[in-house]
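Overview (structure and organization)
These are the residues of each chain, in order.
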Amino acid sequence: MTSVNQLIGVSLGYVIFLFAIAYLAERAAQRGKGGWLRSPLVYTLSLSIYCTAWTFYGAVGYAARSGMEFVTIYLGPSLVMIGWWWALRKLVRIGRAQRATSVADLISARYGKSNLLAIVVTIMAVIGVTPYIALQLQSVTLSLSIFSEPGGDAPLNQLIAGFWVAFGLAIFTVLFGTRNLNANERHDGVVIAIAVEAVVKLIALLAVGIFVVWGVAGGLAPMMEQIDASPIGAWDMDRSRWVALTALSAAAFLALPRMFQVMVVENEDERHLQIASWAFPVYLLLMSLFVVPIAVVGLDLMPAGSNPDLFVLTVPLAQGQVGLATLSFLGGFSSATSMVIVATLALSTMMSNHVVMPVWLNLQGPGAQVSGDVRNVVILSRRASILMIIGLGYLYYRFSGGGSALAAMGLISFAGVAQFLPAMMGGIFWRGATRWGALAGLCVGFSVWVFCSLLPSFGPGAVLSVATFDTGLFGLSWLRPQALFGISGLDPTVHAIVWSITLNTTAFVIVSLFTFPGPLERLQGAQFVNVFDHSTQARGWDAALATSEDLLIMTQRILGATEALDLFRAEAARQGVQGHLPEPTPGFLQQLERELTGSVGAATAHAMISQLVGGASVSVQDLMAVADESAQILEYSNQLEAKSSELSRTARKLRDANAKLTALSVQKDAFLSQISHELRTPMTSIRSFSEILRDTDGLGQVEKTKYASIIHGEAIRLTRLLDDLLDLSVLENGQVNLNFETGTLSTVLEKAILTAQASGTGPLDIRRRHLDEAVTLTTDLDRLTQVFINLITNAQKYCQADEPRLVIEVRQDDGAIAVVFSDNGMPIPPAARALIFEKFARISDNDEAGAGLGLAICREIMTRLGGEISFQGGPSGNAFTVHLPTQAALAAQ
Amino acid sequence: MGKHVLLVEDETNIIEAIRFLLSREGWQVDTHSDGATAVDTIQSMRPDLVILDYMLPGKSGLDILTEVRADPDFAKMPVLMLTARGQSRDREQAEKAGVSRFMTKPYSNTEVMTAVRDLVQLAQ
């Protein structure tokens with residue numbers, strides 16, 4: 001009889017052996033000699049963490065209780081592996097392409113890097129997996145207790161034993177799970193230890209099986225007879241349970257955090273999957289081969305009431321095979337420990353990345369500098385998470401009492417994590433899936449699972465009252481945990497699985513259809529669903545396609561001519577190649593990518609080499625990353641450019657303003673000089689003649705009258721000038737009040753001609769066509785009259801022809817009216833024409849000339865009236881045209 | 001006296017007034033109203049005094065003065081300049097150009113007559 005102490009010694013020795021292997025593997029990997037560590041065989045064996053203590057011990061118990069149904073647990077994963085081409089390959093490709101570190105990371109990445117989703121998934125995973133960890137602790141302590149019973153040593157305190165097992169596992173996981181922080185989250189030591197444990201548990205189970213068949217039953221034929229005689233052998237399948245359980249284990253296989261860890265995160269080469277697709281089902285087949293014989297023999301052999309979960313141990317012990325029993329114990333131990341280690345690792349990654357780190361970063365405040373110290377914080381948070389998760393498992397184990405059968409608890413856990421499946425599969429196959437859809441599906445599915453599967457598992461009256469079981473939650477009969485929506489008669493397990501997954505999927509699809517994905521979500525959706533279009537299988541470079549010369553040219557552009565040449569020469573020398581062009585080996589390409597990364601950023605370097613190597617297409621993600629890098633530079637240069645153009649704009653504005661001010665000042669000076677001249681000149685005459693009249697004695701009456709008339713005329717000239725100046729000022733400032741009236745054009749012209757003739761200078765023959773003038777106008781008639789008077793007076797003053805003549809014509813075009821005043825005077829010289837509407841622009845030296853404000857006033861008036869005045873010089877005279885706005889245009893104003 | 005005065009001015013009423021004042025005291029008065037040809041007239045007439053308006057059509061009084069003074073023969077000829085522009089800069093420029101007396105319009109008749117007499121006396 002082996003004492004418990006001996007067994008503990010063996011366990012410790014085994015653990016130390018595992019430590020050693022893991023340690024050596026890590027060292028080999030660090031020295032770059034770990035290629036063998038990542039073989040397809042190791043990959044396949046690492047997948048065996050699917051077979052936990054539940055499978056190792058529980059399958060026999062399951063068979064002893066429920067017959068062949070245990071097969072479903074193996075059938076589901078086998079189907080997934082055999083059909084790997086469809087879903088698993090895509091999952092692995094996406095996981096690697098996105099560098100997903102966990103299920104939570106993957107789901108969050110798919111739905112626009114939503115940390116909310118990641119947190120939800122993490123919490124669900126911890127809730128779903130913690131009982132499972134407790135289960136493993138329970139199985140180890142339970143198996144230990146088997147050895148203590150017959151020996152009669154000090155009775156084993158299971159809780160204390162459980163604590164030490166948990167403690168040991170935590171130490172192992174911390175040591176090998178968080179030794180280093182790789183971007184890819186791979187753990188060579190852990191993986192190799194798991195592979196070894198996979199071999200141990202397989203050998204142990206096979207050994208017990210062989211012993212049972214050939215050592216106890218007496219060979220294959222008697223064994224078959226015994227099986228036939230046993231009720232287990234009868235294949236009375238409950239079809240719904242079979243289908244549901246097979247589907248469930250398949251779903252769990254894909255969605256379990258620990259399976260994602262070994263299958264996707266620790267995957268070195270996608271091709272390993274291809275080999276595992278048949279090798280892993282073979283492994284499962286071997287694991288299940290002797291389950292039925294052991295169960296049948298155990299039921300026969302062992303006393304009634306003994307725990308069938310432990311037949312694997314108790315049957316050899318009962319036969320006195322202590323060595324075999326010890327091996328079997330190690331097998332179970334291996335199953336339990338490997339599961340706990342990987343599951344904890346996976347959960348702690350999720351916890352740390354999605355819960356602890358965000359909280360920590362938040363606590364640091366927004367201004368926190370994320371520096372190299374973060375690395376230590378990450379490791380610390382990882383370790384704390386590991387301790388917390390194993391601690392939770394231990395607490396659950398301690399307080400749940402561990403009463404339930406292993407298989408039942410395993411199934412509940414499976415159903416819990418299977419809730420991730422719709423969001424995962426929807427995410428990789430359906431671009432329309434949205435964040436809110438995923439969140440809705442997860443929450444609905446998980447709630448149903450908690451209500452229909454987890455809580456009832458504690459038994460009626462434990463968490464849910466008996467009344468709830470009978471009459472439903474809140475007394476609503478459709479909320480009975482085992483007969484949801486009034487559909488009773490289903491097997492409780494099937495009921496929970498079907499409802500949770502169905503409602504989960506329904507919520508996921510419906511909410512996805514009614515919500516819109518964000519831009520990042522869309523992009524990620526495309527990346528996930530079309531992953532095979534974007535990424536290439538091999539991450540390394542296919543050297544054959546790149547030519548060294550192209551690479552050199554590109555490198556020279558980035559690193560500089562001499563540096564690039566030195567780099568290539570050194571590589572050529574290392575390869576033993578003459579000259580400066582080395583072979584573009586994958587290693588060299590990787591080195592080159594690193595060198596370039598230093599200069600242009602990782603994404604750009606990758607994209608550039610991709611371009612040259614040609615075989616690898618540049619993925620959308622690569623381009624996005626390049627865009628990110630260049631966007632920062634662009635952003636900066638854009639800012640600079642914006643600043644400098646803003647400056648030059650301001651400078652130009654200042655220059656313009658200055659020029660305007662200068663021009664205004666010059667104009668003002670000229671204007672003041674003009675005004676001064678125009679005012680002082682008549683004043684001079686007035687003063688001079690008034691002094692003559694006053695001071696000269698004996699002035700004749702004729703002279704007196706003449707000089708008085710000059711004074712009178714100059715006074716009128718002054719008044720007119722002041723009137724014009726004020727008028728112009730008012731018009732120019734826009735302060736003029738226009739008085740719109742309706743009248744006929746002929747009346748206006750009549751009045752203007754009469755006024756002009758009254759001021760009477762020179763005989764002017766005015767010709768009109770009265771018929772054309774019968775036009776109704778709505779405008780400021782007085783102002784229009786003022787314009788006409790001005791034009792007629794000008795003709796009177798300046799038309800020097802022998803028979804001065806002014807022709808007034810009215811033209812109508814589309815409602816627009818033009819009044820043309822053409823005389824037969826000397827044409828105004830072309831040089832002066834541009835100036836005639838300017839202030840003080842006097843063309844003539846005529847004494848009758850005004851101050852030169854008349855036409856300037858006319859122009860201002862016409863602008864205010866919405867029309868215009870223009871000048872047309874001809875060979876035989878001058879013409880002014882007054883354009884009046886159409887009545888429609890006026891109405892619109 | 002019988003001295004010869006050339007009046008370069010374009011305002012008829014002002015010409016009339018100055019001619020009246022000067023002729024009454026026995027001055028011989030010639031007038032010229034075009035700026036462009038004023039220099040030629042001054043040089044050919046060689047009057048004892050020139051009364052020069054500042055703002056003239058064709059050429060400004062300042063330009064005329066500058067051109068006249070450029071000829072050494074006319075360096076000492078008395079020039080009385082009248083201006084209706086009220087700017088102090090005009091006076092500075094005229095003095096720089098060698099004006100003998102600078103007066104702003106409107107002036108008093110006595111002032112002008114005194115200036116004319118003084119200038120001619122000084123020149124003798």
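Above this text you will find the structure in question.
Residues numbered from 1 in each chain as written. Chains lettered and ligands numbered in written order. Predicted model: local features only at pLDDT ≥ 70, side-chain atom pairs only at ≥ 80, totals over all residues. Heavy atoms only, no water.

1. Comments concerning the overall build of chain B
Per the secondary structure count, chain B includes 5 helices and 5 strands. For chain B, the proportion of its 124 residues judged to be buried stands at 51%. Considering only contacts in chain B between residues 6 or more positions apart, those separated by 24 or more positions represent 62%. (Helix = DSSP H or I, 4+ residues; strand = E, 2+ residues; numbered from the N terminus. Buried < 20%, exposed > 50% of the residue type's maximum accessible area, 1.4 Å probe, protein only. Contact = heavy atoms within 4.5 Å.)

2. A look at the overall build of chain A
Counting its secondary structure elements, chain A contains 35 helices and 9 strands. In chain A, buried positions account for 51% of the 893 residues. Long-range contacts, defined here as pairs at least 24 residues apart, represent 78% of the contacts in chain A between residues at least 6 apart.

3. Brief notes about the sheet that holds strand β1 (residues 4–8) of chain B
All names here are of chain B. Strand order in the open sheet made by the 5 strands is β2-β1-β3-β4-β5, with parallel pairing throughout. Sheet topology places β2 (28–32) and β5 (101–104) at the edges, where each strand pairs with a single neighbour. Strand after strand, the sheet turns through a mean of 20 degrees between neighbouring axes, direction not considered. Bridge count between strand β3 (residues 49–53) and strand β4 (residues 79–83): 4 bridges; the pairing is parallel. Bridge assignment links I51 to a residue of β4, and that residue is L80. (Pairing = 2+ DSSP bridges. Axes fitted to C-alpha atoms, helices over the stretch in contact; angles between N-to-C directions.)

4. Description of the interface of chain A and chain B
Of the residues lining the interface, 25 residues belong to chain A; the matching set on chain B comes to 22 residues. By the criterion of area lost to chain B, the three top residues of chain A are H677, R680 and T684 of chain A, representing 25% of everything that side buries. Counting every contact that joins chain A to chain B gives 2 salt bridges. For R717 of chain A, the salt bridge goes to E11 of chain B, with nearest N and O atoms at 3.4 Å. (Buried area = accessible area lost by both parts, 1.4 Å probe. Salt bridge = Lys/Arg side-chain N within 4 Å of Asp/Glu carboxyl O.)

5. Looking at the pattern of salt bridges
Applying the stated criterion across every chain, the model contains 20 salt bridges over all chains. Where E714 of chain A meets R717 of chain A, a salt bridge forms, and the shortest distance between an N and an O atom there is 3.2 Å. Here R717 of chain A and E714 of chain A lie together in helix α30 (residues 701–732), a separation of 3 residues that amounts to about one turn. Each member of the pair E714 of chain A and R717 of chain A is classed as buried. The salt bridge partner of K105 of chain B is E9 of chain B, with a shortest N-O separation of 3.0 Å. Of this pair, K105 of chain B sits in the loop between β5 and α5 (109–123) while E9 of chain B sits in the loop between β1 and α1 (12–24), and the two are 96 residues apart along the sequence. Of the residues examined, K105 of chain B reaches a relative accessible area of 1% and is grouped as buried. Residue class for E9 of chain B comes out buried when judged on its relative accessible area of 0%. Among the ionic contacts, a cluster of salt bridges with common partners joins E714 and R717 of chain A together with E11 of chain B.

6. Here we look at α30 of chain A
Since the α-helix packs 3.6 residues into each turn, any two residues three or four apart lie on the same face. All names here are of chain A. With 32 residues, α30 extends 46 Å between its outermost C-alpha atoms, agreeing within 8% with the 46 Å of an ideal straight helix rising 1.5 Å per residue. Among the residues of α30, those classed as buried are Y707, I710, I711, E714, R717, L718, L721, L725, D727, L728 and L731. Just downstream of α30 lies G734, where phi reads positive at about 75 degrees. (Expected span 1.5 Å × (residues − 1).)

7. Topic: the sheet that holds strand β7 (residues 816–823) of chain A
All names here are of chain A. One open sheet accounts for 5 strands, arranged β4-β6-β7-β9-β8; its pairing is mixed. Two strands in the sheet have a free side with no partner beyond their single neighbour: β4 (765–768) and β8 (868–874). Direction aside, the axes of adjacent strands within the sheet are offset by 20 degrees on average. Here 6 bridges tie β7 to strand β9 (residues 877–884), and the two strands are oriented antiparallel to one another. What sits directly across from I817, in β9, is L884. The sheet contacts of helix α31 (residues 745–758) involve β4, β6 (805–813) and β7, and relative to β4 the element is tilted by about 180 degrees. In this fold helix α32 (residues 781–798) packs onto β4, β6, β7, β8 and β9, with an angle of close to 175 degrees to the strand it touches most, β9.

8. Examining the side chain of T881 of chain A
All names here are of chain A. Within the fold, T881 resides in strand β9. Residue class for T881 comes out buried when judged on its relative accessible area of 6%. Of note is the side chain of T881, whose polar atom sits 2.7 Å from the side chain of Q872. Each residue touching T881, except ones within four places of it in the same chain, is listed here: A818, V819, V820, E868, I869, S870 and Q872. (Polar contact = N/O pair within 3.5 Å; in protein donor to acceptor, adjacent residues only side chain to side chain.)

9. Describing the side chain of S512 of chain A
Residue and element names in this part refer to chain A. With respect to the helices and strands, the residue S512 is situated in helix α22 (residues 492–514). Within polar-contact distance, the side chain of S512 engages the backbone nitrogen of T434 at 3.1 Å. Setting aside residues up to four positions removed in sequence, S512 forms contacts with W430, G432, A433, T434, G437 and A507.

10. Comments concerning the packing of helix α4 (residues 71–82) of chain A against helix α11 (residues 239–255) of chain A
Two numbers describe a pair of packed helices, the interaxial angle and the distance between the axes. Residue and element names in this part refer to chain A. Running from N to C, α4 and α11 cross one another at 55 degrees; their axes reach a closest spacing of 7 Å. If you check the angle between α4 and α11, you find them oblique. Relative to α11, α4 is oriented so that their crossing is right-handed. Across from V71, T72, I73, L75, G76, P77, L79, V80 and M81 in α4, the residues of α11 making contact are W242, L245, T246, S249, A250, F253 and L254. (Parallel < 35°, antiparallel > 145°, perpendicular 65-115°, else oblique. Left-handed = near helix turned anticlockwise from the far one by under 90°.)

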